[in-house]
Structures are given as C-alpha cells and as structure tokens.
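# Reading the structure
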Amino acid sequence: MASTSDIKNGFTFRHNHDIFSVVEFQHVKPGKGAAFVRTKIKSLSTGRVLSETFPSGHKVDEVRVERHKMQYLYKDDMGYHFMNAESYEQATIQEAMIDNPGFLREGDTIEVLYNTEDNTPLTIDLPQYVEMEVTYTEPGVKGDTATNTLKPATLETGAEVRVPLFVNTGDKIKIDTRSGSYMSRV
C-alpha cells in the first residue's frame, strides 16, 4: 500500500477494480480544512482520463510495472505481435491497447508497460515522432500556397494524415504520433 504522498506523474495504482496511471497531480492545502491531492488519472485498460481527488493520507494499492523494449513483428487476426529485444519472447497485444496503430512499421522498437504481478502488457508507448514516406497524395498545383490548406496523404503503413499542399508522393515526413498530425518534411 502507498500513501497519497507517494503520488507523482507515472505512478500506477489499482482503483475501482482497474489499473490507473497518474497523468497530472497537485497537492492542495487550503487555508481551512484538510489537505488533499487532486489528480488526473488514465485507465490503462480503456485509456479514459478521469479527474479524481484523494484526501491527504489516503492509502492506494500500488501496482509494480516494468518497461520493456519490444520490436514490432507483424499483425494478424490475433492482434499485433511483438518480440522482447532482450529475452526474445514474443507477445500478442490487442489493437485497442495501441493509441495509433497506423504508425507502427515492422521492425520498429517501442516501449511496452508490463504489470509485474501477472506479467501482462498494460500499454504501449509509441515514439513521440515517426518519419514515414508518403505513398500517395494528389499533386499540388504550382502557386497554390497562399492559404494554409491541407490535403489527405497515404503513408507507407496505410495510415492517412493531412499534409500541406507542397508535399508530394515519395516525400519523407515527420508525424506526431499522439495527434496524428503532420510536423515537417524530412
């Protein structure tokens, strides 16, 4: 058991029959009344973010987690298959656990958060930015850059993103995996 004084960003604990990770926290000590901890917590099973307030000194059930570097192998009807880079063990992870699976390429190395009690994967952390090649997009018209217009582009993994008019087929672009938005040309 851990106390609210142990709460910090990234802290994982069991709450309401689910496992949560702290996204943001603030220790509040009002002038009148008892202190409390205001948190934003993310469910590791559903991905929902909740606001929760705990009284100071409240006990929570800490969950021990480990981060493993894993290499993405392939996808089939069972899910996404990954291999541990150190032990060469393979794991299958469902698509619902991955925020933006369209940005995964075979051979990419990512971090998987594991629950050490039963050795089950909890979440997958994609790199913040990925560089991918545009396989198809409509050609831009010369001189058509006066406005900040975007057009759809298909990437090498089949994912679609919106890109500026000057991006052409064959260009390598940098994408933010959290929002799925175009960042720059590489």
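Residues numbered from 1 in each chain as written. Predicted model: local features only at pLDDT ≥ 70, side-chain atom pairs only at ≥ 80, totals over all residues. Heavy atoms only, no water.

- Taking an unreviewed UniProt entry as the reference, the protein chain is identified by name as Elongation factor P belonging to Neolewinella litorea.
- Under the Function (unreviewed entry) heading, UniProt states for the protein chain: "Involved in peptide bond synthesis. Stimulates efficient translation and peptide-bond synthesis on native or reconstituted 70S ribosomes in vitro. Probably functions indirectly by altering the affinity of the ribosome for aminoacyl-tRNA, thus increasing their reactivity as acceptors for peptidyl transferase." (UniProt positions renumbered as here; feature names shortened; annotations may be inferred.)

### Thoughts on the domain arrangement of the protein chain
- Structurally, the protein chain comprises domain 1 (2-62), domain 2 (65-125) and domain 3 (129-185).
- Placing a centre on the C-alpha atoms of domain 1 and another on those of domain 2 gives a separation of 26 Å.
- In this assembly, six residues from domain 1 lie in contact with seven residues from domain 2.
- A combined buried area of about 490 Å² lies between domain 1 and domain 2, and 53% of that area is made up of carbon and sulfur atoms.
- Two residues, Arg14 and Glu117, come together in a salt bridge whose shortest N-O distance is 3.0 Å.
- For the pair domain 1 and domain 2, the interface holds one residue pair in polar contact (both at pLDDT 80 or more). (Domains from an automatic or database assignment. Contact = heavy atoms within 4.5 Å. Buried area = accessible area lost by both parts, 1.4 Å probe. Salt bridge = Lys/Arg side-chain N within 4 Å of Asp/Glu carboxyl O. Polar contact = N/O pair within 3.5 Å; in protein donor to acceptor, adjacent residues only side chain to side chain.)

### With respect to the sheet that holds strand β14 (residues 160-164)
- Pairing is antiparallel across the open sheet formed by five strands, whose spatial order is β14-β13-β12-β15-β16. Looking at which strands have only one partner, the edges of the open sheet turn out to be β14 and β16 (181-185). Neighbouring strand axes in the sheet, compared pairwise and without regard to direction, differ in orientation by 55° on average.
- Where strand β13 (residues 150-155) lies against β14, five bridges are found, and the strand directions are antiparallel. The partner of Leu150 across the bridge, within β14, is Pro164. (Pairing = 2+ DSSP bridges. Helix = DSSP H or I, 4+ residues; strand = E, 2+ residues; numbered from the N terminus. Axes fitted to C-alpha atoms, helices over the stretch in contact; angles between N-to-C directions.)

### Some remarks on the packing of aromatic side chains
- Under the criterion given, the structure shown has five aromatic pairs.
- Taking the centre distance of 5.9 Å and the plane angle of 80° together, the rings of Phe13 and Phe54 count as edge-to-face. Of this pair, Phe13 sits in strand β2 (residues 12-15) while Phe54 is found in strand β5 (residues 49-55), placing the two residues 41 residues apart along the sequence. The same class applies to Phe13 as to Phe54, namely buried.
- Here Tyr72 and Tyr80 contribute two aromatic rings whose centre-to-centre distance is 5.8 Å and whose plane-to-plane angle is 40°, an arrangement assigned as tilted.
- Through pairs of rings, three or more aromatic residues link up here, namely Phe11, Phe13, Phe20 and Phe54.
- Over the aromatic face of Tyr129 sits the side chain of Lys174, whose NZ or CZ is 4.7 Å from the ring centroid. (Phe/Tyr/Trp six-rings, centres within 6.5 Å; stacked < 30°, edge-to-face > 60°. Buried < 20%, exposed > 50% of the residue type's maximum accessible area, 1.4 Å probe, protein only. Lys NZ or Arg CZ within 6 Å of the ring centre and 35° of its normal.)

### Regarding the UniProt feature "domain: Translation elongation factor P/YeiP central" (unreviewed entry) in the protein chain
- Here, the residues flagged by UniProt with the feature "domain: Translation elongation factor P/YeiP central" (unreviewed entry) are residues 67-122.
- Secondary structure over residues 67-122 splits into 0% helix and 54% strand, and the C-alpha atoms at its two ends are 10 Å apart.

### Description of the side chain of His68
- By the element assignment, His68 lies in strand β7 (residues 65-76).
- A polar contact of 3.2 Å, which involves the side chain of His68, links it to the side chain of Glu66.
- Ignoring sequence-local partners within four residues, the contact set of His68 consists of Asn84, Ile110, Glu111, Val112 and Tyr114.

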